[in-house]
2 protein chains.
Amino acid sequence: MILSTKGRYGLKMMFELAKKHGNGTMSLKDIAKNQELSETYLEQLISHLRKAGLVNSIRGAQGGYELSKTPSEITVGEIIRTLEGPLAPSDCVVDNEPECTKAGYCVTRPIWERIMESINSVIDSITLQDMINDFQKLILTKEGENERE
Amino acid sequence: MILSTKGRYGLKMMFELAKKHGNGTMSLKDIAKNQELSETYLEQLISHLRKAGLVNSIRGAQGGYELSKTPSEITVGEIIRTLEGPLAPSDCVVDNEPECTKAGYCVTRPIWERIMESINSVIDSITLQDMINDFQKLILTKEGENERE
DNA sequence: TGAAATCCGAGTTAATAACTAGGGATTCGG
DNA sequence: CCGAATCCCTAGTTATTAACTCGGATTTCA
(Lines give C-alpha, C1' and ligand atoms only; values in the text may rest on other atoms or scores of the structure.)
Protein backbone atom coordinates (compact mmCIF):
# COMPACT_ATOMS: atom_id res chain seq x y z
CA MET A 1 0.00 0.00 0.00
CA ILE A 2 2.99 2.20 -0.53
CA LEU A 3 3.15 5.01 -3.03
CA SER A 4 5.76 4.44 -5.73
CA THR A 5 8.69 6.76 -6.25
CA LYS A 6 6.82 8.30 -9.15
CA GLY A 7 4.37 10.05 -6.91
CA ARG A 8 6.82 10.73 -4.12
CA TYR A 9 9.60 12.12 -6.30
CA GLY A 10 7.12 13.89 -8.51
CA LEU A 11 5.70 15.83 -5.61
CA LYS A 12 9.17 16.82 -4.45
CA MET A 13 9.97 18.06 -7.94
CA MET A 14 6.83 20.11 -8.09
CA PHE A 15 7.63 21.60 -4.73
CA GLU A 16 11.01 22.75 -6.05
CA LEU A 17 9.31 24.40 -9.00
CA ALA A 18 6.75 25.96 -6.69
CA LYS A 19 9.48 27.61 -4.62
CA LYS A 20 11.02 28.97 -7.78
CA HIS A 21 7.68 30.10 -9.20
CA GLY A 22 7.72 33.63 -10.57
CA ASN A 23 11.49 33.61 -10.95
CA GLY A 24 11.98 31.96 -14.33
CA THR A 25 12.66 28.35 -15.12
CA MET A 26 14.61 25.70 -13.34
CA SER A 27 16.63 22.99 -15.02
CA LEU A 28 16.12 19.34 -14.28
CA LYS A 29 19.74 19.19 -13.23
CA ASP A 30 19.12 21.65 -10.42
CA ILE A 31 15.90 19.98 -9.33
CA ALA A 32 17.68 16.64 -9.16
CA LYS A 33 20.58 18.13 -7.24
CA ASN A 34 18.36 19.90 -4.71
CA GLN A 35 16.35 16.76 -3.99
CA GLU A 36 19.27 14.36 -4.39
CA LEU A 37 17.51 12.27 -6.98
CA SER A 38 18.48 10.73 -10.32
CA GLU A 39 18.19 13.28 -13.12
CA THR A 40 17.47 10.77 -15.86
CA TYR A 41 14.72 9.18 -13.83
CA LEU A 42 13.07 12.50 -13.00
CA GLU A 43 13.11 13.22 -16.71
CA GLN A 44 10.52 10.51 -17.28
CA LEU A 45 8.33 11.74 -14.50
CA ILE A 46 8.30 15.37 -15.46
CA SER A 47 7.41 14.39 -18.99
CA HIS A 48 4.07 13.12 -17.70
CA LEU A 49 3.54 16.26 -15.69
CA ARG A 50 4.16 18.32 -18.79
CA LYS A 51 1.73 16.29 -20.88
CA ALA A 52 -0.85 16.71 -18.12
CA GLY A 53 -0.39 20.46 -18.39
CA LEU A 54 0.98 21.00 -14.92
CA VAL A 55 4.38 22.32 -16.02
CA ASN A 56 5.72 24.19 -19.02
CA SER A 57 9.10 23.46 -20.53
CA ILE A 58 11.55 25.66 -22.36
CA ARG A 59 13.98 23.76 -24.53
CA GLY A 60 17.54 24.55 -25.42
CA ALA A 61 20.36 26.10 -23.44
CA GLN A 62 19.26 28.05 -20.39
CA GLY A 63 15.93 26.27 -20.71
CA GLY A 64 14.12 24.40 -17.97
CA TYR A 65 10.74 23.91 -16.37
CA GLU A 66 8.23 26.07 -14.58
CA LEU A 67 4.75 25.59 -13.15
CA SER A 68 2.01 26.26 -15.66
CA LYS A 69 -0.17 27.78 -12.93
CA THR A 70 0.37 29.41 -9.57
CA PRO A 71 1.12 27.09 -6.65
CA SER A 72 -2.29 27.72 -5.14
CA GLU A 73 -3.95 26.38 -8.27
CA ILE A 74 -2.16 23.04 -8.26
CA THR A 75 -3.21 20.35 -5.80
CA VAL A 76 -1.17 17.46 -4.50
CA GLY A 77 -3.95 15.22 -5.78
CA GLU A 78 -3.48 16.32 -9.38
CA ILE A 79 0.23 15.66 -9.19
CA ILE A 80 0.01 12.28 -7.57
CA ARG A 81 -2.81 10.98 -9.69
CA THR A 82 -1.03 12.14 -12.84
CA LEU A 83 1.97 10.04 -11.94
CA GLU A 84 0.36 7.12 -10.13
CA GLY A 85 -3.03 6.81 -11.72
CA PRO A 86 -6.10 6.55 -9.49
CA LEU A 87 -5.28 5.82 -5.86
CA ALA A 88 -7.55 2.86 -5.43
CA PRO A 89 -6.83 -0.01 -3.05
CA SER A 90 -8.35 -2.46 -5.53
CA ASP A 91 -8.62 -2.43 -9.30
CA CYS A 92 -12.29 -3.28 -9.23
CA VAL A 93 -13.04 0.19 -7.88
CA VAL A 94 -11.26 2.11 -10.61
CA ASP A 95 -12.33 0.04 -13.58
CA ASN A 96 -15.83 0.15 -12.19
CA GLU A 97 -16.22 -3.52 -12.84
CA PRO A 98 -19.85 -4.61 -12.59
CA GLU A 99 -19.22 -7.27 -9.95
CA CYS A 100 -16.15 -9.23 -8.95
CA THR A 101 -18.02 -12.35 -7.81
CA LYS A 102 -20.68 -14.25 -9.59
CA ALA A 103 -22.85 -13.87 -6.52
CA GLY A 104 -23.83 -10.43 -7.78
CA TYR A 105 -22.35 -8.39 -4.96
CA CYS A 106 -19.05 -7.85 -3.20
CA VAL A 107 -18.90 -7.01 0.47
CA THR A 108 -15.40 -5.59 0.39
CA ARG A 109 -15.92 -3.21 -2.48
CA PRO A 110 -17.69 -0.45 -0.54
CA ILE A 111 -14.72 -0.46 1.80
CA TRP A 112 -12.25 0.12 -1.03
CA GLU A 113 -14.43 2.92 -2.26
CA ARG A 114 -14.47 4.63 1.10
CA ILE A 115 -10.69 4.34 1.40
CA MET A 116 -10.21 5.83 -2.03
CA GLU A 117 -12.53 8.72 -1.31
CA SER A 118 -10.79 9.47 1.93
CA ILE A 119 -7.34 9.50 0.33
CA ASN A 120 -8.53 11.74 -2.46
CA SER A 121 -10.18 14.16 -0.10
CA VAL A 122 -6.90 14.60 1.74
CA ILE A 123 -4.68 15.13 -1.28
CA ASP A 124 -7.17 17.25 -3.15
CA SER A 125 -7.36 19.63 -0.22
CA ILE A 126 -3.64 20.41 -0.23
CA THR A 127 -2.08 22.77 -2.78
CA LEU A 128 1.55 23.51 -3.50
CA GLN A 129 0.99 26.88 -1.88
CA ASP A 130 0.02 25.12 1.35
CA MET A 131 3.27 23.22 1.23
CA ILE A 132 5.23 26.42 0.75
CA ASN A 133 3.46 28.02 3.69
CA ASP A 134 4.20 25.07 5.93
CA PHE A 135 7.78 25.05 4.77
CA GLN A 136 8.29 28.72 5.58
CA LYS A 137 6.68 28.35 8.97
CA LEU A 138 9.09 25.51 9.71
CA ILE A 139 12.08 27.56 8.65
CA LEU A 140 11.07 30.44 10.94
CA THR A 141 10.65 28.04 13.86
CA LYS A 142 14.07 26.55 13.31
CA GLU A 143 15.67 29.99 13.15
CA GLY A 144 13.99 30.96 16.39
CA GLU A 145 15.34 27.85 18.05
CA ASN A 146 18.86 28.61 16.90
CA GLU A 147 18.75 32.15 18.20
CA ARG A 148 17.70 30.95 21.61
CA GLU A 149 20.65 28.59 21.87
CA MET B 1 -1.06 2.36 -4.25
CA ILE B 2 -2.98 -0.84 -4.52
CA LEU B 3 -3.59 -3.22 -1.64
CA SER B 4 -2.04 -6.64 -2.18
CA THR B 5 -4.08 -9.81 -2.35
CA LYS B 6 -3.08 -10.50 1.23
CA GLY B 7 -5.29 -7.79 2.60
CA ARG B 8 -8.03 -8.22 0.04
CA TYR B 9 -8.32 -12.00 0.29
CA GLY B 10 -7.79 -11.89 4.02
CA LEU B 11 -10.74 -9.63 4.53
CA LYS B 12 -12.93 -11.86 2.38
CA MET B 13 -11.87 -14.85 4.44
CA MET B 14 -12.69 -13.12 7.67
CA PHE B 15 -16.07 -12.17 6.32
CA GLU B 16 -16.82 -15.82 5.60
CA LEU B 17 -15.90 -16.71 9.16
CA ALA B 18 -18.00 -13.84 10.44
CA LYS B 19 -21.09 -15.14 8.65
CA LYS B 20 -20.49 -18.54 10.18
CA HIS B 21 -19.78 -17.14 13.63
CA GLY B 22 -21.65 -18.94 16.40
CA ASN B 23 -22.18 -22.03 14.27
CA GLY B 24 -18.95 -23.94 14.75
CA THR B 25 -15.84 -23.92 12.64
CA MET B 26 -15.33 -23.63 8.93
CA SER B 27 -12.64 -25.44 6.98
CA LEU B 28 -10.21 -23.63 4.76
CA LYS B 29 -11.50 -25.71 1.90
CA ASP B 30 -14.97 -24.25 2.27
CA ILE B 31 -13.70 -20.71 2.69
CA ALA B 32 -11.64 -21.06 -0.47
CA LYS B 33 -14.54 -22.54 -2.37
CA ASN B 34 -16.99 -19.85 -1.29
CA GLN B 35 -14.65 -17.05 -2.28
CA GLU B 36 -13.19 -18.86 -5.30
CA LEU B 37 -9.63 -18.47 -4.10
CA SER B 38 -6.61 -20.75 -3.84
CA GLU B 39 -6.77 -22.86 -0.72
CA THR B 40 -3.00 -23.26 -0.32
CA TYR B 41 -2.50 -19.53 -0.66
CA LEU B 42 -5.17 -18.69 1.88
CA GLU B 43 -3.45 -21.08 4.24
CA GLN B 44 -0.51 -18.73 4.51
CA LEU B 45 -2.69 -15.74 5.13
CA ILE B 46 -4.86 -17.27 7.81
CA SER B 47 -1.76 -18.42 9.62
CA HIS B 48 -0.90 -14.77 10.24
CA LEU B 49 -4.42 -14.03 11.38
CA ARG B 50 -4.20 -16.89 13.83
CA LYS B 51 -0.87 -15.70 15.21
CA ALA B 52 -2.36 -12.24 15.60
CA GLY B 53 -5.13 -13.77 17.70
CA LEU B 54 -7.97 -12.92 15.34
CA VAL B 55 -8.98 -16.50 14.62
CA ASN B 56 -8.84 -19.81 16.48
CA SER B 57 -8.05 -23.06 14.75
CA ILE B 58 -9.11 -26.60 15.50
CA ARG B 59 -6.85 -29.24 14.05
CA GLY B 60 -7.64 -32.69 12.77
CA ALA B 61 -10.60 -34.08 10.92
CA GLN B 62 -13.76 -31.96 11.18
CA GLY B 63 -11.50 -29.14 12.30
CA GLY B 64 -11.39 -25.65 10.91
CA TYR B 65 -11.30 -22.00 11.84
CA GLU B 66 -13.53 -19.61 13.72
CA LEU B 67 -13.34 -16.01 14.83
CA SER B 68 -11.74 -15.56 18.22
CA LYS B 69 -14.11 -12.71 19.05
CA THR B 70 -17.52 -11.60 17.90
CA PRO B 71 -17.72 -9.82 14.55
CA SER B 72 -18.43 -6.52 16.23
CA GLU B 73 -15.13 -6.72 18.09
CA ILE B 74 -12.96 -7.17 15.00
CA THR B 75 -12.24 -4.20 12.78
CA VAL B 76 -11.27 -4.19 9.15
CA GLY B 77 -8.21 -2.21 10.20
CA GLU B 78 -6.91 -4.98 12.44
CA ILE B 79 -7.31 -7.53 9.67
CA ILE B 80 -5.69 -5.48 6.94
CA ARG B 81 -2.78 -4.23 9.03
CA THR B 82 -2.10 -7.75 10.27
CA LEU B 83 -1.68 -8.93 6.70
CA GLU B 84 -0.25 -5.85 5.02
CA GLY B 85 1.66 -4.11 7.75
CA PRO B 86 1.12 -0.40 8.34
CA LEU B 87 -0.75 1.31 5.51
CA ALA B 88 1.70 4.12 4.95
CA PRO B 89 2.24 5.74 1.57
CA SER B 90 5.95 6.11 2.37
CA ASP B 91 8.30 4.08 4.52
CA CYS B 92 9.66 7.16 6.25
CA VAL B 93 6.35 7.58 8.04
CA VAL B 94 6.21 4.10 9.51
CA ASP B 95 9.83 3.71 10.50
CA ASN B 96 9.61 7.16 12.00
CA GLU B 97 12.91 8.05 10.42
CA PRO B 98 14.30 11.24 11.92
CA GLU B 99 14.56 13.04 8.57
CA CYS B 100 14.79 11.83 5.01
CA THR B 101 16.85 14.75 3.74
CA LYS B 102 19.96 16.23 5.17
CA ALA B 103 18.23 19.61 5.15
CA GLY B 104 16.58 18.65 8.43
CA TYR B 105 12.99 18.67 7.25
CA CYS B 106 10.82 17.09 4.61
CA VAL B 107 7.90 18.89 3.09
CA THR B 108 6.15 15.81 1.81
CA ARG B 109 6.22 13.85 5.01
CA PRO B 110 3.29 15.60 6.74
CA ILE B 111 1.23 14.74 3.68
CA TRP B 112 2.04 11.03 3.93
CA GLU B 113 1.12 11.20 7.59
CA ARG B 114 -2.25 12.73 6.86
CA ILE B 115 -2.99 10.13 4.21
CA MET B 116 -2.09 7.33 6.57
CA GLU B 117 -4.27 8.72 9.33
CA SER B 118 -7.19 9.10 7.01
CA ILE B 119 -6.92 5.53 5.71
CA ASN B 120 -6.67 4.17 9.23
CA SER B 121 -9.62 6.14 10.47
CA VAL B 122 -11.76 4.61 7.73
CA ILE B 123 -10.75 1.02 8.25
CA ASP B 124 -10.69 1.22 12.02
CA SER B 125 -14.27 2.44 12.02
CA ILE B 126 -15.63 -0.61 10.18
CA THR B 127 -16.17 -3.94 11.95
CA LEU B 128 -17.02 -7.33 10.52
CA GLN B 129 -20.48 -6.87 12.01
CA ASP B 130 -20.94 -3.75 9.89
CA MET B 131 -20.07 -5.78 6.83
CA ILE B 132 -22.62 -8.42 7.76
CA ASN B 133 -25.28 -5.77 8.27
CA ASP B 134 -24.57 -4.21 4.89
CA PHE B 135 -24.58 -7.62 3.30
CA GLN B 136 -27.97 -8.53 4.73
CA LYS B 137 -29.45 -5.20 3.72
CA LEU B 138 -28.24 -5.84 0.18
CA ILE B 139 -29.79 -9.29 0.10
CA LEU B 140 -33.15 -7.95 1.24
CA THR B 141 -33.05 -5.26 -1.43
CA LYS B 142 -32.30 -7.80 -4.13
CA GLU B 143 -35.14 -10.01 -2.99
CA GLY B 144 -37.49 -7.08 -3.03
CA GLU B 145 -36.49 -6.31 -6.58
CA ASN B 146 -37.14 -9.86 -7.66
CA GLU B 147 -40.58 -9.92 -6.13
CA ARG B 148 -41.57 -6.80 -7.97
CA GLU B 149 -40.59 -8.27 -11.35
C1' DT C 1 28.97 26.47 -33.89
C1' DG C 2 28.96 24.21 -29.63
C1' DA C 3 27.41 23.65 -25.14
C1' DA C 4 23.31 23.17 -22.49
C1' DA C 5 19.22 21.80 -22.11
C1' DT C 6 14.71 19.20 -23.19
C1' DC C 7 12.67 15.09 -25.55
C1' DC C 8 11.92 10.10 -26.52
C1' DG C 9 11.87 5.10 -26.58
C1' DA C 10 13.99 0.99 -25.34
C1' DG C 11 16.68 -1.84 -22.28
C1' DT C 12 18.21 -3.59 -17.64
C1' DT C 13 18.15 -5.15 -13.00
C1' DA C 14 16.48 -6.25 -8.60
C1' DA C 15 12.71 -6.81 -5.77
C1' DT C 16 8.30 -8.41 -4.79
C1' DA C 17 3.70 -10.42 -5.38
C1' DA C 18 1.28 -14.31 -5.87
C1' DC C 19 1.14 -18.34 -5.74
C1' DT C 20 2.70 -23.84 -5.61
C1' DA C 21 4.76 -28.06 -3.57
C1' DG C 22 5.74 -31.29 -0.25
C1' DG C 23 5.76 -33.12 3.85
C1' DG C 24 4.65 -33.26 8.98
C1' DA C 25 1.40 -33.18 12.97
C1' DT C 26 -3.18 -33.70 14.88
C1' DT C 27 -7.77 -35.42 15.49
C1' DC C 28 -12.13 -37.70 14.58
C1' DG C 29 -15.10 -41.48 12.95
C1' DG C 30 -15.60 -46.11 12.12
C1' DC D 1 -6.22 -48.40 15.68
C1' DC D 2 -6.27 -46.86 11.00
C1' DG D 3 -7.05 -43.68 7.53
C1' DA D 4 -9.12 -39.63 5.96
C1' DA D 5 -9.51 -34.89 6.88
C1' DT D 6 -7.67 -31.12 8.43
C1' DC D 7 -4.32 -27.71 10.12
C1' DC D 8 0.75 -26.44 10.17
C1' DC D 9 5.31 -25.04 8.27
C1' DT D 10 9.12 -24.03 5.13
C1' DA D 11 10.94 -23.50 0.84
C1' DG D 12 10.67 -22.96 -4.01
C1' DT D 13 8.88 -20.91 -8.40
C1' DT D 14 7.25 -17.70 -11.72
C1' DA D 15 5.63 -13.50 -13.59
C1' DT D 16 5.21 -8.82 -12.97
C1' DT D 17 6.61 -4.46 -11.84
C1' DA D 18 9.43 -0.76 -9.84
C1' DA D 19 13.18 1.88 -10.41
C1' DC D 20 16.18 3.13 -12.76
C1' DT D 21 19.89 3.55 -17.06
C1' DC D 22 21.31 4.42 -21.85
C1' DG D 23 21.78 6.33 -26.30
C1' DG D 24 20.71 9.46 -29.27
C1' DA D 25 17.70 13.23 -31.44
C1' DT D 26 16.15 17.98 -31.22
C1' DT D 27 16.11 22.71 -29.78
C1' DT D 28 18.00 27.08 -28.35
C1' DC D 29 21.08 30.49 -26.43
C1' DA D 30 25.55 32.76 -26.41
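**Digging into the pattern of salt bridges**
- Per the counting criterion, the structure on display carries eight salt bridges over all chains.
- For K69(A), the salt bridge identified is with E78(A), shortest N-O distance 3.5 Å.
- You can call E78(A) partly exposed: its relative accessible area is 26%.
- Close ionic contact of R109(B) with E113(B) constitutes a salt bridge, the shortest N to O distance being 3.7 Å. You can see R109(B) and its partner E113(B) sitting in helix α6 (residues 109-124), four residues apart, about one turn around the helix.
- The class of E113(B) is partly exposed, set by a relative accessible area of 29%.

**Side note on α6(B)**
- Counted at 1.5 Å a residue, the expected span for α6(B) with its 16 residues is 22 Å, and the 22 Å between its end C-alpha atoms agrees.
- Within α6(B), burial applies to R109(B), I111(B), W112(B), I115(B), M116(B), S118(B), I119(B), N120(B), V122(B) and I123(B).

**Things to note about the packing of aromatic side chains**
Residues and elements named next belong to chain A.
- This model, assessed by the stated rule, comprises four aromatic pairs over all chains.
- With 6.0 Å between their ring centres and 85 degrees between their planes, Y9 and Y41 make a pair best called edge-to-face. Placement of the pair is Y9 in helix α1 (residues 5-20) and Y41 in helix α3 (residues 39-51), with a sequence separation of 32 residues.
- Relative accessible area serves as the criterion here: at 26%, Y41 is assigned to the partly exposed category.

**Quick look at the protein's contact with DNA strand C**
- DNA strand C sits among 23 residues. The nearest are L28(A), E43(A), R50(A), S57(A) and Q44(B).
- Among the atoms of DNA strand C close to the protein, meaning within 4 Å, 65% are from sugar or phosphate groups.
- One of the side-chain N or O atoms of R59(B) is found 3.2 Å from a base nitrogen in DNA strand C.
- Separating a base oxygen of DNA strand C from a backbone N or O atom of A61(B) is a distance of 3.1 Å.
- Elements that contribute at least two residues to the surface near DNA strand C include exactly α3, β1 (55-58) and β2 (64-67) of chain A together with α1 (5-20) and α3 (39-51) of chain B.

Conventions and cut-offs
Residues numbered from 1 in each chain as written. Chains lettered and ligands numbered in written order. Predicted model: local features only at pLDDT ≥ 70, side-chain atom pairs only at ≥ 80, totals over all residues. Heavy atoms only, no water. Salt bridge = Lys/Arg side-chain N within 4 Å of Asp/Glu carboxyl O. Buried < 20%, exposed > 50% of the residue type's maximum accessible area, 1.4 Å probe, protein only. Helix = DSSP H or I, 4+ residues; strand = E, 2+ residues; numbered from the N terminus. Expected span 1.5 Å × (residues − 1). Phe/Tyr/Trp six-rings, centres within 6.5 Å; stacked < 30°, edge-to-face > 60°. Near = heavy atom within 4 Å. Polar contact = N/O pair within 3.5 Å; in protein donor to acceptor, adjacent residues only side chain to side chain.

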